[in-house]
Amino acid sequence: MVVERKKSIQDGGEEYYDRKSELIAFDETKAGVKGLVDAGVTTVPRIFIHPPEKTSANNNKQLNFPVLIDLDGIEQDSIRRKQVVESIRDAAGSWGFFQVVNHGVATKILQEMINGTRRFFKQDVEVKKQWYTRDNTRKVVHNSNFDLYHSPAANWRDTIYCPMAPNPPKPQELPEVCRDIMIEYSEQLMKLGCKLLILLSESLGLNPNHLLDIGCAEGLNLLCHYYPACPQPELTMGTTKHSDNSFITILLQDALGGLQVLHDDQWVDVPPNPDALVVNIGDFLQASLQAL
């Protein structure tokens, strides 16, 4: 199973408490974690506190995330393509993760996607409230922690979620401050996703279109996570340990870092790279391959 998490990032007694009421009170503000930070909290509210074993780093400082794959030239050079296919096979099998560069998505688009996400979350809370919902059938969903009422502890994170394929929202349904980049980025990521699925098919010795033909590229969900500065990062997590219920995840990491992957029972940092995208082999793809 491919597992990852996101640490919280710092900016520069067992008495009974009514957890459900605190969750409801937090959720009803529709301001998310960003609202807590804007209000000047200096301590992490109890609903966000994780057990120590969940927040401790357990990093292997001697082990670096080594898998950076350069896709340059694979369409013109058959020898180069074979080398890349072999690298993807090795990375997918040993790590379940790899970074790609020269992937066809311009760095300025990557940076604008990060900037657009920040613009959305830095809006006035009254503007953002129009998208805040727990109704996942909505075209655009903004909330804090999709599993807020079910998880043992909340994560220090707010999110915008939007299904961009096969039935994307109308442009006017998207937030104006990030509308154009959400559309452009999604189009670019769909192209890259198809390319990666072809390379993954080849790495498995299958027909290059195998994963496309079984529907692995029919859907695209765009999730934009925002991790406000945390006053006590040792007490909480940005994203807890999990695997992705997808065929593949293509992840854009900002310069702050914090992303870790689990490898040989050790958490390993994934270094930020402004030109790279992180590719994660998801649960659905693993299940599909097991069925072959």
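Residues numbered from 1 in each chain as written. Predicted model: local features only at pLDDT ≥ 70, side-chain atom pairs only at ≥ 80, totals over all residues. Heavy atoms only, no water.

If you look the protein chain up in an unreviewed UniProt entry, it shows as Oxidoreductase from Lithospermum erythrorhizon.

Quick word on the overall build of the protein chain
Counting its regular elements, the protein chain contains nine helices and 11 strands. For 292 residues, the compact-globule formula gives about 19 Å, and the C-alpha radius of gyration of the protein chain, at 20 Å, lands near that figure. By its C-alpha atoms, the protein chain is 60 × 45 × 35 Å across when sized along the principal axes. Of the roughly 15000 Å² of accessible surface on the protein chain, a fraction of 50% belongs to carbon and sulfur atoms. Where the 29 positive side-chain charges of the protein chain centre and where its 38 negative ones centre are 2 Å apart. (Helix = DSSP H or I, 4+ residues; strand = E, 2+ residues; numbered from the N terminus. Rg over C-alpha atoms; globule rule 2.2 N^0.38 Å. Areas by Shrake-Rupley, 256 points an atom, 1.4 Å probe, with all protein chains shown as cover. Lys, Arg positive; Asp, Glu negative; His and termini not counted. Charge placed at Lys NZ, Arg CZ, Asp CG, Glu CD.)

Details of the packing of aromatic side chains
Aromatic ring pairs are described here by two measures, namely the spacing of the ring centres and the angle between the planes. Scanning all chains against the criterion turns up seven aromatic pairs. Judged by centre distance (5.1 Å) and plane angle (85°), the rings of phenylalanine 120 and phenylalanine 121 are edge-to-face. No difference in accessibility class separates phenylalanine 120 from phenylalanine 121, as the two residues are buried. Aromatic rings pair up to connect Phe120, Phe121, Trp131 and Tyr226 into one cluster. (Phe/Tyr/Trp six-rings, centres within 6.5 Å; stacked < 30°, edge-to-face > 60°. Buried < 20%, exposed > 50% of the residue type's maximum accessible area, 1.4 Å probe, protein only.)

With respect to the pattern of salt bridges
Using the criterion set out here, one finds seven salt bridges in the structure. One salt bridge connects glutamate 75 with arginine 81, and the closest N-O pair in it is separated by 3.6 Å. The exposed category is assigned to glutamate 75, whose relative accessible area is 53%. Judged by relative accessible area, arginine 81 falls into the buried class, the value being 18%. (Salt bridge = Lys/Arg side-chain N within 4 Å of Asp/Glu carboxyl O.)

As for the nonpolar core
A general feature of soluble globular proteins is that nonpolar side chains tend to end up buried together. Ranked by size, the top nonpolar core spans 54 residues in total, and within it Ile69, Leu71, Phe98 and Leu196 carry the most contacts. At nine residues, helix H7 (residues 179–203) tops the list of elements feeding residues into this core. Other than its neighbours up to four places away in sequence, isoleucine 69 contacts Val84, Ser87, Ile88, Ala91, Phe98, Gln99, Val100 and Val101. Among the nonpolar cores identified, the runner-up in size contains 12 residues, and Leu36, Val44, Leu148 and Trp156 belong to it. (Core = buried A, V, L, I, M, F, W, Y, C linked by side-chain atoms within 4.5 Å. Contact = heavy atoms within 4.5 Å.)

Brief notes about the pairing of strand S11 (residues 277–281)
On a regular strand, one side chain projects to one face of the sheet and the next to the other, so that they alternate. Of all five residues making up S11, five are buried, and the element is well covered by its neighbours. Residues Leu277, Val279 and Ile281 point to one face of S11 and Val278 and Asn280 to the other, with burial holding for every one of them. Two strands pair when backbone bridges link them, and strand S8 (residues 248–251) and S11 are joined in this way by four bridges, in the antiparallel orientation. Its bridge partner lying in S11, isoleucine 250 is registered against valine 279. (Pairing = 2+ DSSP bridges.)

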